[in-house]
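Breakdown of the fold
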Protein chains: 4
Amino acid sequence: MLNFESDYTTGCHPRILQRLAETNLVSQTGYGFDEYCLSAAEKIKKECNCPDAEVEFLTGGTQTNQVVIASMTIDGDGIIAADTGHINGHEAGAIEVSGHKVFGLKHTNGKISASQVSAFVDNYYADANHEHMVRPAMVYISHPSEYGTLYSKKELTDLSNVCKEKGLTLFLDGARLGYGLMSYQTDVTIADIAALTDVFYIGGTKVGALCGEAVVFTHANKPERFLARKKQRGALLAKGRLLGVQFDTLFTDGLYYEISRNAIDRAEELKALLVRKGYKIFMESPTNQQFVVVDNKKYEDLKKVVRAGFWETVDENHTAIRFATSWCTTKEDIAALEEVL
Amino acid sequence: MLNFESDYTTGCHPRILQRLAETNLVSQTGYGFDEYCLSAAEKIKKECNCPDAEVEFLTGGTQTNQVVIASMTIDGDGIIAADTGHINGHEAGAIEVSGHKVFGLKHTNGKISASQVSAFVDNYYADANHEHMVRPAMVYISHPSEYGTLYSKKELTDLSNVCKEKGLTLFLDGARLGYGLMSYQTDVTIADIAALTDVFYIGGTKVGALCGEAVVFTHANKPERFLARKKQRGALLAKGRLLGVQFDTLFTDGLYYEISRNAIDRAEELKALLVRKGYKIFMESPTNQQFVVVDNKKYEDLKKVVRAGFWETVDENHTAIRFATSWCTTKEDIAALEEVL
Amino acid sequence: MLNFESDYTTGCHPRILQRLAETNLVSQTGYGFDEYCLSAAEKIKKECNCPDAEVEFLTGGTQTNQVVIASMTIDGDGIIAADTGHINGHEAGAIEVSGHKVFGLKHTNGKISASQVSAFVDNYYADANHEHMVRPAMVYISHPSEYGTLYSKKELTDLSNVCKEKGLTLFLDGARLGYGLMSYQTDVTIADIAALTDVFYIGGTKVGALCGEAVVFTHANKPERFLARKKQRGALLAKGRLLGVQFDTLFTDGLYYEISRNAIDRAEELKALLVRKGYKIFMESPTNQQFVVVDNKKYEDLKKVVRAGFWETVDENHTAIRFATSWCTTKEDIAALEEVL
Amino acid sequence: MLNFESDYTTGCHPRILQRLAETNLVSQTGYGFDEYCLSAAEKIKKECNCPDAEVEFLTGGTQTNQVVIASMTIDGDGIIAADTGHINGHEAGAIEVSGHKVFGLKHTNGKISASQVSAFVDNYYADANHEHMVRPAMVYISHPSEYGTLYSKKELTDLSNVCKEKGLTLFLDGARLGYGLMSYQTDVTIADIAALTDVFYIGGTKVGALCGEAVVFTHANKPERFLARKKQRGALLAKGRLLGVQFDTLFTDGLYYEISRNAIDRAEELKALLVRKGYKIFMESPTNQQFVVVDNKKYEDLKKVVRAGFWETVDENHTAIRFATSWCTTKEDIAALEEVL
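Quantities reported herein were computed from a predicted structural model and do not represent experimental measurements.

Each copy of the sequence occupies a distinct position, and chain B is placed on chain C by a rotation of 180° and an axial shift of 0.0 Å, giving an RMSD of 0.0 Å. Interpreted geometrically, this transformation is the action of a two-fold axis. Proximity to the rotation axis, assessed at the C-alpha, singles out B:R233 in chain B; its C-alpha lies 3.4 Å from the axis. The overlap is high: 100% of the interface residues of chain B also sit at the interface in chain C, so the same surface is used on both sides.

Pasting the structure below:
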């Protein structure tokens, strides 16, 4: 059975395993004060061209979203996101459980725009009763978005400006950031993201690590008592080295970029193949997730030979499905897929 | 200055003040175990034709929504409401602060339908990833709605059925319930509401009391440790008698209905007057809130002589405003308004 | 049946009822922006000799404790209190439900000392692992304490200094403040309290009001978005006037002090009576609560003629009980008690 | 520098790394539905002799405590623990942030007794005002305790009985369970624990894994919607296999017991060595943590050659320190320590 279901169905890049083995018996301080975390943080700051940045490692995406949002806002503050944003629909209430409302703005290809944010905030303050309402305090965007799409540098800059103007924190969820950075259709670098957001994270779990997200507070704005804030949310690993070793490896010799690029190259081949085979593209994506519409009979046949992700019901007879490539998808996998499509 | 701004700009019905004075020095147990609370609860159960009901008194609407929702669901559960529902927009995050998501379905005249609820819940369970999503656990409706509109008995019955079928709790916010019950355009009685919902409340604050909402758990389904749940949310009054005396008075000799009817009668006169004066009705309402569209220049003039509530911006040149009558609006008030319109 | 059970078994001072009646039909803005709230706030600031103070009205003690603590600390912060403090034992978890730990220090007659606080905080920071522990961020004291005792000006000053030195907020729960201020054994004025604490409240519920507590942020330190913070916790009354009228009346012509003094005078008579009758004082109290130890047989007899509060089991054969006087206890009540003791 | 600071300063047992490598490219479903999790769960159920058990994997101890407590109690419930319990002092408020109070009972060698629990609960229900207080709903014990001590089978049985009698959930924190099971001074087996508790966990992080705790709900009592409850608290790993592989390896061929026994054997040698060298035992421990009292001058000298954990200040001149052995402590490490002590 071929597997294009998601980018987290296998383990991690072998170099990470190797480095875990090499460092395994080296004694280290716990809770993220080990030398690997320190080294990884330095490398990330350098990549970001951002000496004032503060880097913290957490375990997974939902956890990171919860801890960042809870520690950078006050009780009851609201978070503006695309209605398709991960925090709005797929975190089982993690944001609400920590006391915050998500405002789901209508997405366009998984994205929201500066003008939408601006209008929403203006509308809020224009309401005579706004003190009785949830205050929009933060903007959350995913890059790549949940549909695999990307913000352009212009779009990000506009969002950044509107956030500064309106007093909002700009938070970028980079659970799949590598695939965004290595897309052939982006003009956004990691340094741009560091310059334009208040906080973002570099996804490990979906980009070749066993687990782990590296949060970058871009301008010495790490919340007070962040270690305790992590611990309060169950997000502090005793063996923080597990995260440190992984990110240190990913940011050595450009491994993070290299494996992200592999996923992109395979995705481009995959997209070409799908088009060639007559599949209808559901949403144009420049990253590692490719969405097509299939009729339901075809979908039943496909299920027998390849695992792809259910995305959404399009109509009574059609379903949108997702093919995802990853750091370990090979040319052979694509060739094998060609056989069965 | 005439005042039609809202139904909570004055104090309370004089009979309540009188009864507070009469009982003032009678010594009573605290925390809602006084004889007035007990008597009021009995009267309300009788009105509801619902001997199994359990009645609790709280202080205000947002507090009641928070306590009822928090005590009848589990952490992270979601509440289906109209996007215009009070809990969705006007409670400063009270529901989220207690750990719950509000799903705002598109309203029709302030209401949602059984079929919308049904489709939403089916969609949730149809999603292969629904365990990663917020579970819809409760339906919240306002009757009258935030637009003054009312559910018909058929609509309520359908909602009740869909909730039973889908395993949802049906919660009716009756902050203005009296005005709904005494409308000339309703076929819904308080006994119907008790029969069709799991929990609802009878608003006092906006219907002639100084404060207070009477929550009715309709079928012996008061949550475990409800007194503690109230106290945890700061909702337990030491002098619970303040609520007991008020509701006991409101439910003696039909006072609650009588003063609600007064508001309805004045609202009907008001509506006729507005139409006669050429105002455009913004949304047809059968209760004590009447909404009209005025051009902004006219609005500025009106502000000099009458206080009405800003409702929403209709377009660049027009604003929707709300006129509210109440238990104490008089025919003289309407006549005076006629002079200045 | 005589009633000395607590200070909240009757209604309110008649002058409050009278003032509620007089203002009943005056139209006012809601949510605490009415003229009575504004007037009451001004009077209180003047009493406190504290022009920078900001005054807010809430409904009850537990609610006030929750809202003040939640809005003046960050998630997971800890509150230092006496182990007998109301927030530690008698609020059904209101502080924990809003995300905070109460550190219960061993009380001495219901009080804690500056040196206890200092040692506790030093100990915390001395611990190499303190970042993994709950940070002490606030000191909560009750004045009078839950045992009716009072802090001296020296004790308060020391607490104030230690809080400043250690970076803690000092919060004084004055649910029974009037009885503390009018005790014959105090050297503390309301202006002293305003000068020495960061925030405190003036209890209404237990001092002659139907409900209500007036919170004083003593140095322009009201938390950001406090109206929303109140609303989020269900603590914002639509008819805020109910609180405004009450406090405006209590702070007109010294009524608050006058009725507090009545309770103190009756308590002194009560204490003399109890001693005269051979009762053993459980804890010496200079305020309106008097605690005696009775043997259980006697307690059974007493229950037939007078209601007093159970306080705690002293030993197998003895119980501590509480007699409370209030604004409305009369000399006749004391005389009647003398008959039955 | 020798390192006896804690049992989480190195990586994991090499067999885990090997197994991670072997399974690395095998495609698996995410979120804990992989075959390794399923296999590990079966093995654990078998070890527990408990076919009705339900096993879930989480990442760390504090996270597990938070998720288990939040999902098995209602808002505001209280947890009885030793005052030295991890949840009471060293989780930065994780339990309070999720809305619960910890009742810290005075410990005896890190433990609490059935009679303490019984008295506490009786006292609670005997209080006339207990509905205004936090309800004790769960008992939390650590085995080994934070002082390395162990409950006897008799003590556990008594706690189990008192919990059943009083309607409390019994939760055992087994962050270091292996060291407890393999102590030479225990009569408690893992099957005993499964039989006597409602829920417990088998620590991985401190017993040879990179991370991970296996929670056992002992009698088909896993809380409703547990996957969502995990996700809400940021505790659900996309690559759940990371936990599955580790526990599957630890419970293959008795590896968990074997490496725990190694730590115990080294600890016994360490204790003998310390006594031989004239160190004063601070608290007698039958597990992998050994506590001694040193004078502060000696402590300064020691710090130059060996890392041990600061435990607590004993008096002005003495400090209690902790030596911990682990799965990877060797006889050579003990010999090397002998050289420098």
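A word on the environment of D:K304. Residues and elements named next belong to chain D. Counting through the fold element by element, K304 comes out in the loop between α13 (296–303) and β11 (306–307). For K304, a count of 8 C-beta atoms within 10 Å puts it in the exposed group. When the C-alpha positions of K304 and M1 are compared, they lie 7.8 Å apart, and in sequence the two are 303 residues distant.

In this section: the interface of chain B and chain C. Between chain B and chain C, the contact holds 44 residues from the first and 44 residues from the second. Elements with a minimum of two residues in the side of chain B that touches chain C: α1 (14–23), α3 (61–72), α5 (94–97), α10 (226–232) and α11 (241–250) of chain B. Element by element, the count of residues in the side of chain B that touches chain C is highest for α1(B), at five residues. Grouping the constituent residues of the side of chain B that touches chain C by class yields 20 nonpolar, 19 polar and five charged.

Its rotation angle being 180°, the transformation that places chain B on chain A also includes 0.0 Å of axial translation and leaves an RMSD of 0.0 Å. Of the interface residues in chain B, 100% have counterparts in chain A that sit at the interface too, so the contact is made through matching surfaces.

Another point: the domain arrangement of chain A. Residues and elements named next belong to chain A. In terms of domains, chain A is made up of domain 1 (2–7 + 256–340) and domain 2 (14–253). When each unit is reduced to the centre of its C-alpha atoms, the spacing between domain 1 and domain 2 is 27 Å. Each partner contributes to the interface: domain 1 provides 16 residues, whereas domain 2 provides 21 residues. Elements that contribute at least two residues to the side of domain 1 that touches domain 2 include exactly α12 (255–276) and β10 (289–295). No other element matches α12, which puts seven residues into the side of domain 1 that touches domain 2. Residues that form the side of domain 1 that touches domain 2 fall into these classes: nine nonpolar, five polar and two charged.

A few words now on helix α12 (residues 255–276) of chain B. All names here are of chain B. Helix length check: α12, at 22 residues, gives a terminal C-alpha distance of 32 Å against a target of 32 Å (1.5 Å per residue), a fit within 8%. Check the buried side of α12 and you find it contacts α8 (177–181), α11, β10 (289–295), β13 (318–324) and α14 (331–340). G278 occupies a position one or two residues after α12 and carries a positive phi of about 90°.

Put simply, A:H143 and A:P144 share a cis peptide bond, and its omega is -5°. The topology assignment puts A:P144 in the loop between β5 (136–142) and α7 (153–166). A positive phi angle is found at D:D253, which is not glycine, with a value near 55°. Within the secondary structure layout, D:D253 lies in the loop between α11 (241–250) and α12 (255–276). Given 10 C-beta atoms within 10 Å, D:D253 falls into the exposed group.

Residues and elements named next belong to chain A. The element strand β7 (residues 199–203) is largely enclosed, with a buried count of five among its five residues. Covered by surrounding structure in β7 are V199, Y201 and G203 together with F200 and I202, the residues of both alternating faces. When strand β6 (residues 169–173) meets β7, the two strands line up parallel, connected through two bridges. Bridging from a neighbouring strand, F171 pairs with V199 of β7. Strand direction decides the pairing type here: β7 and strand β8 (residues 213–217), joined by five bridges, are antiparallel. Across the sheet, the residue bridging to I202 is A214, located in β8.

Residues and elements named next belong to chain D. If you walk across this open sheet you meet the seven strands as β2-β8-β7-β6-β5-β3-β4, and the pairing is mixed. Two strands in the sheet have a free side with no partner beyond their single neighbour: β2 (54–58) and β4 (101–105). When strand polarity is set aside, the average angle formed by the axes of neighbouring strands in this sheet is 25°. Bridge count for strand β3 (residues 78–82) against strand β5 (residues 136–142) is three bridges, and the pairing is parallel. Bridging across to β5, I79 finds its partner in M138. Contacts from helix α6 (residues 114–126) reach β3, β4 and β5, with the element oriented near 160° to β5.

Basis of the calculations
- Residues numbered from 1 in each chain as written.
- Chains lettered and ligands numbered in written order.
- Predicted model: local features only at pLDDT ≥ 70, side-chain atom pairs only at ≥ 80, totals over all residues.
- Least-squares fit on C-alpha atoms with pLDDT ≥ 70 in both.
- Contact = placed C-beta atoms within 7 Å.
- Helix = DSSP H or I, 4+ residues; strand = E, 2+ residues; numbered from the N terminus.
- Buried ≥ 20, exposed ≤ 12 C-beta atoms within 10 Å, placed from the backbone.
- Nonpolar A, V, L, I, M, F, W, Y, C, P; charged D, E, K, R; others polar.
- Domains from an automatic or database assignment.
- Expected span 1.5 Å × (residues − 1).
- Pairing = 2+ DSSP bridges.
- Axes fitted to C-alpha atoms, helices over the stretch in contact; angles between N-to-C directions.

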